[in-house]
There are 4 protein chains.
Amino acid sequence: MLKGFAIPRSPLGIAALIPPPPWHFAGEVLAVEYWSDPELSAYTLPRGVEPDAKSKGHAVALFTEYQFTARNEEHLDPARYQCHGFLVLLDAMWQGSPIAWCPYAFVDNDAALLRGWICGYPEKLGSVHQTRTFAAGSPASAPLARNSRFAACISSHGQLLAQARVTLRERLSHLVGLLDRPIVTRRYFPSLSAGRLETPAVDELVRCILENVVITNIWVGEGALAFPETFGEELDILAPIKVGRGLRFSFSYSVSGCKILADLTA
Amino acid sequence: MLKGFAIPRSPLGIAALIPPPPWHFAGEVLAVEYWSDPELSAYTLPRGVEPDAKSKGHAVALFTEYQFTARNEEHLDPARYQCHGFLVLLDAMWQGSPIAWCPYAFVDNDAALLRGWICGYPEKLGSVHQTRTFAAGSPASAPLARNSRFAACISSHGQLLAQARVTLRERLSHLVGLLDRPIVTRRYFPSLSAGRLETPAVDELVRCILENVVITNIWVGEGALAFPETFGEELDILAPIKVGRGLRFSFSYSVSGCKILADLTA
Amino acid sequence: MLKGFAIPRSPLGIAALIPPPPWHFAGEVLAVEYWSDPELSAYTLPRGVEPDAKSKGHAVALFTEYQFTARNEEHLDPARYQCHGFLVLLDAMWQGSPIAWCPYAFVDNDAALLRGWICGYPEKLGSVHQTRTFAAGSPASAPLARNSRFAACISSHGQLLAQARVTLRERLSHLVGLLDRPIVTRRYFPSLSAGRLETPAVDELVRCILENVVITNIWVGEGALAFPETFGEELDILAPIKVGRGLRFSFSYSVSGCKILADLTA
Amino acid sequence: MLKGFAIPRSPLGIAALIPPPPWHFAGEVLAVEYWSDPELSAYTLPRGVEPDAKSKGHAVALFTEYQFTARNEEHLDPARYQCHGFLVLLDAMWQGSPIAWCPYAFVDNDAALLRGWICGYPEKLGSVHQTRTFAAGSPASAPLARNSRFAACISSHGQLLAQARVTLRERLSHLVGLLDRPIVTRRYFPSLSAGRLETPAVDELVRCILENVVITNIWVGEGALAFPETFGEELDILAPIKVGRGLRFSFSYSVSGCKILADLTA
C-alpha cells in the first residue's frame, strides 16, 4: 500500500512533498495596506465573490518568512520546510459577508507550492526577501523600534514584481481593521482529458480554517509599495493607487483543514 | 470572467502558470537502463498496476533538458519555459499489457511542476545537470562520437539523489527495448476538508497521449548509475542492482491530453 | 604543502574553485550588436583606455551558455562547470589600437565568478537564459534556419537587466566587423589594510590570450535589445540608442594566460 | 574617473558588488564545537601557521544567517545584502599565540563571496539553512528555551557537506572557551601571466579586525555534527572524531580593515 498525504505516494510515505495536517506555521510579516483601483480589482474575483463596495479597493500586500512543521519535527529540516512568500489579499464579499480574496501568491519552495495549491492559494515560485531584525545591536540589526526601517521585495522568473518599505512608528497590542476577514481561496486542478480541458477536475471556493492564531510584536507606521510593470504577470493591474499603513509583526497559526463554500464545477 | 488553463486564473489569462494544450517539447536526454530489486520496486506500484514478471525490475533513469512551447511562442520566454528534469520509469503491467510506471520525478521550475502534476507525474523540485555537446570542437565540447563521455546528476533540497555516466559507443537508428511502453501515471490531488483527508479529490490512473514523437541522434554505450542514500526521499530503494546500456538522444513530442485508465477514488 | 591554483588551497588541491590553466570553453552565444551613447559609455573606460571615435558607441551584448574543462574532465561535473553568462563589450582604443572593453559581466556560478575575476572580468552573479535549439523537429525546437526566432534575458538579484530577441536570416561562414578586437579587462583586487583602502592590491589592465578560437554555425539577422532601468546597477547607462545585427553562433576557445598591459597601481 | 571599492568599477560607483568599509554585520549562529583528527587538520594550515598541540584538533563549525550594511542602508536591499554562511574554524598557533584558522567557508551570494575573499576567507557558494526561532508560540516556533531543538545544513553544487543538530540546555551570559581567538585568514589572488601561474599576485596572512563585537542570547547544550563524504570537496577530511557543545547565539560586529601578518609571496 502506497502512503503519503500528497505526491509522490511511496512505500514508506516519507517521500511525499508534504505531511498530512495539522500544519503549524510561525514567522514574520512585513505588510503594506493599500487601495487598488476597485474597478480593476473586481475583475480578479471568481464567480460568487463580489466586490466590497465599502472597501473601495482596500487590499494588503504581505511579505512573509515562515517555518513549518507537522507531526515529525519538520522544522528540523529547514532546507525543505522554511519558506518565503508574498501574497495579496483583497477585500471582497461572499454571500453578504466580508472576506479577503487571494488573487496572486508566491512562495520559494515546492512543499509550500503544493500546500498552497491544496489550500486554494494560486502559488507560483518567487524569490522573496525582507529586512530582518536581530537581537544584537548594530547598524545592520534593524531593531523593532520607533523609526526603524524595513524593506521587502518579490521577484519571479527574474522580474521584480513588488517592492515595499515600512517605517515603524509605534507598537500596537492588536491589529485593527486589517487581516480580520476570513480568507477565501479557490482549489483548482485542471482536467487533461480530451474534450474536457475546459472543465477542471476540482474547482472549489474554500475557506481555510486557521486555528491558534497568534499575532504579536506588532509595529505600525508608514508604508510604501510599488508593483512595477512586468510581462507574463498581472499583478501590476492591482497596483496601489493609494498606500496606507505599513506593518511588521510575528505570527503563528495552525491549519487542520478547509471548508468548501461552493463547488464551481457544478 | 477569469481566464487561464491553470492557476492563477486571471482577468487576461496570461498570469497562469501554464497555457492550455497542445504542448510541445524538444530536448536532450541522458539515460541509463538498469535493474532495480523487483521485490522492492513492486512496492512503488499503485493499486491495479502489477509488476512485470518478465522484466525482473527493469527500469530506466532519464535526465532531461527541454524547451516547451504552446501556442504563444513560449520558447521565447526561456526563463519560464526551459526545464531540466529527472525521472525513473519502471517496467510494469496494466490489465495484461506492458507499461512504464513513473514512481518519482523532479523538475526545476514551477511551470514544469504543475504541468507534471496535471499529467500525473509526482514532480518535486530538483536541480539537474547533464554534460552538453557543442558544435565547436574543443576538449570542452563533448562531441556526439565514439568514446565520448557524458555525466548527469540530480539533487533536491541539497542532497545528491542520483548520478550517471555514459560512454558513447555507437550511433543507432532506433531505440530497441527501451522507452517503447506507454507511460502510466497517477493524477492525485488531496482533499483538505475535515473528515475527508484520507480521500483525495482526484486520484486517477492515466496514460499521457504522446504525439509526433521524434527520437534522433541516438547514441548507445555503457552506463553507470548510482542512487546515494538520502533522507526524506525513497529513490534509493529503487537503486540499481545491475546496470545496462547508457544512452544519449534528442527528442520531441507533443501532448494534447491524457486518457483516464481508472478512477482510484471509486 | 597546500595545493590548488585558487582558493580554497587544500591538502589535496581538489577543493579549489578552479583548476589551473589551460582552460577550455565551448558553448553557444546569442548576441546583439548595438550603439550606446558614446558620451556616456566613455565614462566606463579606465585610465589609459580611450573611446574609439570612429565607432560612435558601437558595442555588443552577448548571452552565453558554455561548458568548461581543464585537465581533469571537468565537463563531467556539469553542476560545477557549466555556466550561463552575459557581458557587454564596447569598442575602445588602447595605445592607438582598437580593442573591446568589458564594463559589466554576469555569470551564474562561483567557479565562473572567480575565473572571470582572475581574467579581469567584473563578474557578478546573474540568472541568464537563452532559447536553445534542438535536433528533433518541433514547434519547441527553435531550429537554426531562416526566420527562426531566439530570445535571451539576464536578471540579477531579482531585477531584469537586459532582454534580447534575434530573428535569424542567413548563415554566414565568418563573422565580419564584430568580435574581431582583442578584449581588454582589468584585474582588480582591493586592499583591506587600514589607510590603504583606496589603493588596490592588484590593478592591472590585461589582455586575455584566446587560443584555438572556433566560431561556427553562425547565423545573422535582426536584433532587438533593451536594458530596463534598475537600481543598484549601471548597465542601463549603456542602453542601446540604435540596434544592429542579431547573431547566434557556436564557439570554443582556450585560455592559457593573460598579458599585462599596464599596472594601474603605479 | 571610475568609482567603487570593488568590481565592477563604474561611473557612479553604485554597481560595485560591495561598498567600502566600515562594514556592519548582525545575525544568528548555530554552532557545534568538535575535534577533528589533529594529524589531518594540520595539513590544512598554511606556511607559518602551526597546529595548537594543546587543542588536539579542537574546532568549531558555524552556520550563520546575517544582514549586512555599510553607509547606505544596505540592509534595506535584502536581496543583495542578506546572507547565509557556513565556516569551520580550527585552533592553531601564529608566532606562539593562539589563533583560529579558517580552512573552508561558504556563503550564498556574490557580495558575501567577494567580501569574504577580500578578508581572506576562501568562500565558495553554498546553500545554508538553519532552524529559526520566532516570537509567536507554536510547534513551528523553535523557542529559545530549555530542550528546544535546532538543525542546520550546508550543501554546495548539490551535495550535502555538513549537518548539525543542537539541543538547548541553558542560557549563558558569556561564551567561554570558544570563539575567543583572533581569526587568521589568507588573502589570495592568483596571477594569470604566462610563466607566473605558480606565483599568486596576492598571498597574505591577515587578521581581520573585528570591532563592536556583541554576542547575546547565548544558549548552550548538546551538539551533533556530520560531514558526509563528498567529491570535489575536502571538508570531510576535517570530520568530527568527537563532538562537544552545541550553541545558538545572536551576534553583531563591524569590520574596518585587516592587519597583514605576513606576505607569503616573499
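Conventions and cut-offs
- All residue numbers here refer to positions counted from 1 along the written sequence of the relevant chain.
- To label them, take the chains in the order written and letter them from A, then take the ligands in the order written and number them from 1.
- Only residues with pLDDT of 70 or above have their local features reported here, since the model is predicted, and side-chain atom pairs are shown and tallied only from 80 upward, although totals for entire chains, interfaces and linings are computed over all residues.
- Only hydrogens and water are removed before side-chain values are computed, so all heavy atoms of the structure are retained for them.
- Counting from the N terminus, the helices are the DSSP runs of H or I reaching at least four residues and the strands are the DSSP runs of E reaching at least two.
- Think of it in three bands: with a 1.4 Å probe and only protein chains considered, a residue is buried below 20% of the maximum accessible area for its type, exposed above 50%, and partly exposed in between.
- We call two residues contacting when some pair of their heavy atoms lies within 4.5 Å.
- Accessible surface area values rest on a Shrake-Rupley calculation with a 1.4 Å probe, where residue burial reflects the displayed protein chains alone.
- Asp and Glu are treated as the negative residues and Lys and Arg as the positive ones, with His and the ends of the chain left uncounted.
- By convention, charge coordinates are those of NZ in Lys, CZ in Arg, CG in Asp, or CD in Glu.
- Accessible area, probed at 1.4 Å, shrinks when two parts are joined; the buried area is that loss added up over both.
- Salt bridge criterion: a side-chain nitrogen from Lys or Arg within 4 Å of a carboxyl oxygen from Asp or Glu.
- Residue type decides the class: Asp, Glu, Lys and Arg count as charged, Ala, Val, Leu, Ile, Met, Phe, Trp, Tyr, Cys and Pro as nonpolar, and the leftover types, Gly among them, as polar.
- For this overlay, a least-squares fit was computed on C-alpha atoms, restricted to residues scoring pLDDT of at least 70 in both copies.
- Per-residue confidence from the predictor is reported as pLDDT, a score between 0 and 100.
- Two strands pair under a simple rule: DSSP has to find at least two bridges between them.
- Within 3.5 Å is the distance limit for a polar contact, defined as a pair of N or O atoms, with the added protein rule that one can donate a hydrogen and the other accept it, and that residues adjacent in sequence qualify only through two side-chain atoms.
- Centres within 6.5 Å make a pair out of two Phe, Tyr or Trp rings, where for Trp the six-membered ring is used; the pair is then stacked when the planes are under 30 degrees apart, edge-to-face when over 60, and tilted otherwise.
- Lysine and arginine charges are scored as sitting over a ring when NZ or CZ, respectively, is within 6 Å of the ring centre and within 35 degrees of the ring normal.
- Convention adopted: a line fitted to C-alpha atoms gives each axis, helices being fitted over their contacting stretch, and angles between N-to-C directions are expressed from 0 to 180 degrees.
- Note that the term roughly parallel is reserved for angles under 35 degrees, roughly antiparallel for angles over 145, roughly perpendicular for angles of 65 to 115, and oblique for everything else.
- Handedness of each helix crossing follows the sense of rotation of the near helix against the far helix: counterclockwise by less than a right angle gives left-handed, clockwise gives right-handed.
- Each nonpolar core is a collection of buried residues, namely Ala, Val, Leu, Ile, Met, Phe, Trp, Tyr and Cys, held together in the definition by side-chain atoms within 4.5 Å.

*Asks:* Tell me about the overall build of chain A, and please be specific about residues and values.
*Replies:* When helices and strands are tallied, chain A shows three helices and 13 strands. With the principal axes as the frame, chain A shows a C-alpha extent of 55 × 45 × 35 Å. Within chain A, buried positions represent 64% of all 266 residues. A fraction of 68% describes how many contacts in chain A between residues 6 or more apart in sequence connect residues 24 or more apart. By element, 52% of the accessible surface of chain A is carried by carbon and sulfur atoms, the whole surface being about 9400 Å². Looking at charge distribution, chain A has the averaged site of its 24 positive side-chain charges lying 5 Å from that of its 26 negative ones.

*Asks:* Quick rundown of the interface of chain B and chain C? Include the residues and the values.
*Replies:* Residue-level contacts link 40 residues of chain B with 40 residues of chain C. Here chain B packs against chain C, burying approximately 3100 Å² in sum over the two surfaces, 60% of which is carbon and sulfur. Summed over the shared surface of chain B and chain C, the number is four salt bridges. Elements with a contribution of two residues or more to the side of chain B that touches chain C: β1 (23-36), β3 (58-69), α2 (78-81), β8 (127-130), β9 (149-156), β12 (202-226) and β13 (240-263) of chain B.

*Asks:* Give a description of the interface of chain C and chain D that names residues and reports values.
*Replies:* Taken together, the 61 residues of chain C in the interface contact 60 residues of chain D. Sorting the residues of chain C by area buried against chain D places R80(C), F189(C) and L192(C) first, and these three jointly supply 15% of that buried surface. Note that E233(C) is salt-bridged to R80(D), the shortest N-O span being 3.2 Å. Sorting the residues of the side of chain C that touches chain D by element identifies α2 (78-81), α3 (110-119), β7 (123-125), β11 (183-189) and β13 (240-263) of chain C as the ones contributing at least two each. A total of six residues in the side of chain C that touches chain D trace back to one element, the largest contributor, which is α3(C). Looking at the side of chain C that touches chain D, its residues break down into 39 nonpolar, 12 polar and 10 charged.

*Asks:* Report on the environment of L161(C), specifying residues and quantitative values.
*Replies:* Residue and element names in this part refer to chain C. When you line up the elements, L161 lands in strand β10 (residues 159-172). Classification of L161 by relative accessible area gives buried; the value is 2%. Those residues in contact with L161 that lie beyond four places of it in its chain are F106, I154, S155, S156, A226, F227, P228, T230, E233 and L235.

*Asks:* Explain the relation of the copies chain B and chain C to me, and be specific about the residues and the numbers.
*Replies:* The two chain copies are connected by a rotation around an axis plus a translation along it. When chain B is fitted to chain C, the best match, at an RMSD of 0.0 Å, comes from turning it 180 degrees and sliding it 0.0 Å along the axis. This pairing of chains is accounted for by a two-fold axis. Of the interface residues in chain B, 100% have counterparts in chain C that sit at the interface too, so the contact is made through matching surfaces.

*Asks:* Describe the confidence of the model for chain A, naming the residues involved and giving the relevant values.
*Replies:* Averaged over every residue, the pLDDT of chain A is 97; the share at 70 or more is 100%. Two numbers describe this predicted complex: its pTM, 0.97, and its ipTM, 0.96.

*Asks:* Pulling in residues and values, what's your account of the pairing of strand β1 (residues 23-36) of chain C?
*Replies:* All names here are of chain C. Counted residue by residue, β1 has 14 buried out of 14 residues, so it is predominantly covered. Side-chain alternation along β1 places W23, F25, G27, V29, A31, E33 and W35 on one buried face and H24, A26, E28, L30, V32, Y34 and S36 on a second face that is also buried. Note: β1 against β13, 13 bridges, orientation antiparallel. Residue S36 lies in a different strand from β13, and its bridge partner there is P240. Here β1 runs beside strand β3 (residues 58-69); their pairing, made up of 12 bridges, is antiparallel.

*Asks:* Just give me the short version of α3(C), but keep the residues and values in it.
*Replies:* Residues and elements named next belong to chain C. Taken across its 10 residues, α3 has 10 buried, putting it largely inside the fold. If you check which residues of α3 are buried, you get D110, A111, A112, L113, L114, R115, G116, W117, I118 and C119. Where α3 begins, the capping side chain belongs to N109, and its oxygen is found 3.2 Å from the backbone nitrogen of A111. Of the residues one or two after α3, G120 is the one with positive phi, at around 100 degrees.

*Asks:* Describe the packing of aromatic side chains, with residues and values.
*Replies:* Scanning the entire structure with this criterion turns up 48 aromatic pairs over all chains. Considering the side-chain rings of W117(A) and W117(B), the 4.9 Å spacing of their centres and the 75 degrees angle between planes classify their relative orientation as edge-to-face. Of this pair, W117(A) sits in helix α3 (residues 110-119) while W117(B) sits in helix α3 (residues 110-119), on two different chains. Note on W117(A): relative accessible area 4%, which makes it buried. A centroid spacing of 5.7 Å and a plane angle of 70 degrees characterise the contact between F25(D) and Y66(D), whose relative ring orientation is edge-to-face. Within this pair, whereas F25(D) is found in strand β1 (residues 23-36), its partner Y66(D) is found in strand β3 (residues 58-69), the two being separated by 41 residues in sequence. Residue placement shows R115(D) over the ring face of F68(D); its charged tip is 4.2 Å from the ring centre.

*Asks:* An account of the side chain of Q82(C) is needed here, citing residue identities and associated values.
*Replies:* Along the chain, Q82(C) falls in strand β4 (residues 82-94). The class of Q82(C) is buried, set by a relative accessible area of 12%. At 2.5 Å, the side chain of Q82(C) forms a polar contact with the backbone oxygen of Q130(B). Not counting residues up to four positions away in its chain, the partners in contact with Q82(C) are H129(B), Q130(B), T131(B), R132(B), Y66(C), Q67(C), D108(C) and N109(C).

*Asks:* Would you mind going over the packing of α3(C) against helix α3 (residues 110-119) of chain D in detail, with residue names and values included?
*Replies:* Direction vectors running N to C along α3(C) and α3(D) enclose 50 degrees, while the axes themselves pass 12 Å from each other. For the element pair α3(C) / α3(D), the angle class is oblique. As α3(C) packs across α3(D), the resulting crossing turns out to be right-handed. On α3(D), the residues that touch D110(C), L113(C), L114(C) and W117(C) of α3(C) are D110(D), L113(D), L114(D) and W117(D). Taken together, the residues of the contact of α3(C) with α3(D) break down into six nonpolar, no polar and two charged.

*Asks:* Account for the environment of L87(B), with residues named and values stated.
*Replies:* Residue and element names in this part refer to chain B. Counting through the fold element by element, L87 comes out in strand β4 (residues 82-94). Overall, L87 belongs to the buried group, its relative accessible area being 15%. Remark: the alpha-carbon pair of L87 and T64, spanning 23 residues in sequence, is separated by 8.4 Å. With near-sequence residues (within four places) excluded, L87 lies in contact with V60, A61, L62, C102, Y104, A105 and Y121.

*Asks:* I'd like a description of the side chain of R181(B), backed by residues and values.
*Replies:* All names here are of chain B. By secondary structure assignment, the location of R181 is in the loop between β10 (159-172) and β11 (183-189). Within polar-contact distance, the side chain of R181 engages the side chain of D52 at 2.7 Å. Engagement of the side chain of R181 in a polar contact is seen with the side chain of S55, the distance being 3.4 Å. The residues contacting R181, other than those within four sequence positions of it, are D52, S55, D91, A92, P98, I99 and A100.

*Asks:* For unusual backbone geometry, give the residues involved together with the corresponding values.
*Replies:* In terms of backbone geometry, most residues other than glycine have negative phi values and most peptide bonds are trans. All names here are of chain B. P8 follows I7 through a cis peptide bond whose omega is -15 degrees. Relative to the elements of secondary structure, P8 occurs in the segment before β1. In this model, A142 sits at a positive phi of 50 degrees, which is unusual for a non-glycine residue. Residue placement: A142 occurs in the loop between β8 and β9.

*Asks:* For the pattern of salt bridges, give the residues involved together with the corresponding values.
*Replies:* Summed over all chains, the structure comprises 48 salt bridges over all chains. Between R245(C) and E33(C) there is a salt bridge whose closest N-O contact spans 2.9 Å. Linking R245(C) in strand β13 with E33(C) in strand β1, this pair joins segments that are 212 residues apart in sequence. Linked by salt bridges that have partners in common, D77(A), R80(A), K124(B) and E233(B) make up one network.

*Asks:* Give a description of the nonpolar core that names residues and reports values.
*Replies:* Soluble globular proteins tend to pack their nonpolar side chains together in the buried interior. By size, the foremost hydrophobic cluster in this structure holds 94 residues, and its most contacted members are W23(C), F249(C), W23(D) and F249(D). Core analysis: the next-biggest nonpolar cluster, separate from the first, contains 93 residues, A112(A), V220(A), A6(B) and L125(B) among them.

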